[in-house]
Amino acid sequence: AQLSEEIAAERYLRIQSEEKFGVKLGDQVALLVEQVKTERNRNDKLCESISSLEKGLEHMKDIVEQEKKSKQDLEVHVVQMMEDLCS
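Since the structure is predicted, the reported quantities are computational estimates derived from the model, not experimental observations.

**Topic: the overall build of the chain**
For step 1, the next point in the chain: Assigned secondary structure in the chain consists of two helices and zero strands.
For step 2, the next point in the chain: Principal-axis analysis of the C-alpha atoms places the extent of the chain at approximately 110 × 30 × 15 Å.
For step 3, the next point in the chain: Here the chain holds 87 residues, and the buried ones make up 1% of them.
For step 4, the next point in the chain: Here the chain has roughly 8300 Å² of accessible surface; of this, 59% comes from carbon and sulfur atoms.
For step 5, the next point in the chain: For the chain, the distance from the average site of its 13 positive side-chain charges to the average site of its 19 negative ones is 7 Å.

**Comments concerning the environment of Leu 32**
For step 1, the next point in the chain: Take Leu 32: it is sitting in helix 2 (residues 25-86).
For step 2, the next point in the chain: Residue Leu 32 is classed as partly exposed on the basis of its relative accessible area of 46%.

**As for the pattern of salt bridges**
For step 1, the next point in the chain: Counting across every chain of the model gives six salt bridges.
For step 2, the next point in the chain: For Lys 37, the salt bridge is made with Glu 34, and the minimal N-O distance between the two is 3.9 Å. Placement of the pair is Lys 37 and Glu 34 together in helix 2, with a separation of three residues, close to one helical turn.
For step 3, the next point in the chain: Take Lys 37: its relative accessible area is 43%, and that puts it in the partly exposed class.
For step 4, the next point in the chain: A salt bridge links Asp 73 to Lys 69; the nearest nitrogen and oxygen atoms lie 3.4 Å apart. Taken together, the positions of Asp 73 and Lys 69, both in helix 2 and four residues apart, correspond to about one turn of that helix.
For step 5, the next point in the chain: For Lys 69, a relative accessible area of 49% puts it in the partly exposed group.

**Focus on helix 1 (residues 2-21)**
Along an α-helix, residues three or four positions apart point the same way, because every turn accommodates 3.6 residues.
For step 1, the next point in the chain: Given a rise of 1.5 Å per residue, 20 residues ought to cover 28 Å, and the 28 Å separating the end C-alpha atoms of helix 1 matches this to within 8%.
For step 2, the next point in the chain: Just past helix 1, the residue Gly 22 takes up positive phi, approximately 70°.

Thresholds, definitions, all that
Residues numbered from 1 in each chain as written. Predicted model: local features only at pLDDT ≥ 70, side-chain atom pairs only at ≥ 80, totals over all residues. Heavy atoms only, no water. Helix = DSSP H or I, 4+ residues; strand = E, 2+ residues; numbered from the N terminus. Buried < 20%, exposed > 50% of the residue type's maximum accessible area, 1.4 Å probe, protein only. Areas by Shrake-Rupley, 256 points an atom, 1.4 Å probe, with all protein chains shown as cover. Lys, Arg positive; Asp, Glu negative; His and termini not counted. Charge placed at Lys NZ, Arg CZ, Asp CG, Glu CD. Salt bridge = Lys/Arg side-chain N within 4 Å of Asp/Glu carboxyl O. Expected span 1.5 Å × (residues − 1).

Below, the structure is given as structure tokens:
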């Protein structure tokens, strides 16, 4: 008996709110669910972009380190050549 009273009360409140706000709650919930899905998809795409940028940054750091090492090796080689020429 209590359950049917709760269901009746819920139905009454739903009808009142639909009349008051002019929107069916089911439609409103469906709209909100779609908005959440859209935002979730957008967030997923942003996360993929961030991940891609992070990988690119790591790759660029590796390239910079390789360039630094190459420069150092070249400097050492030039210094050795200069020493050989001067001796």
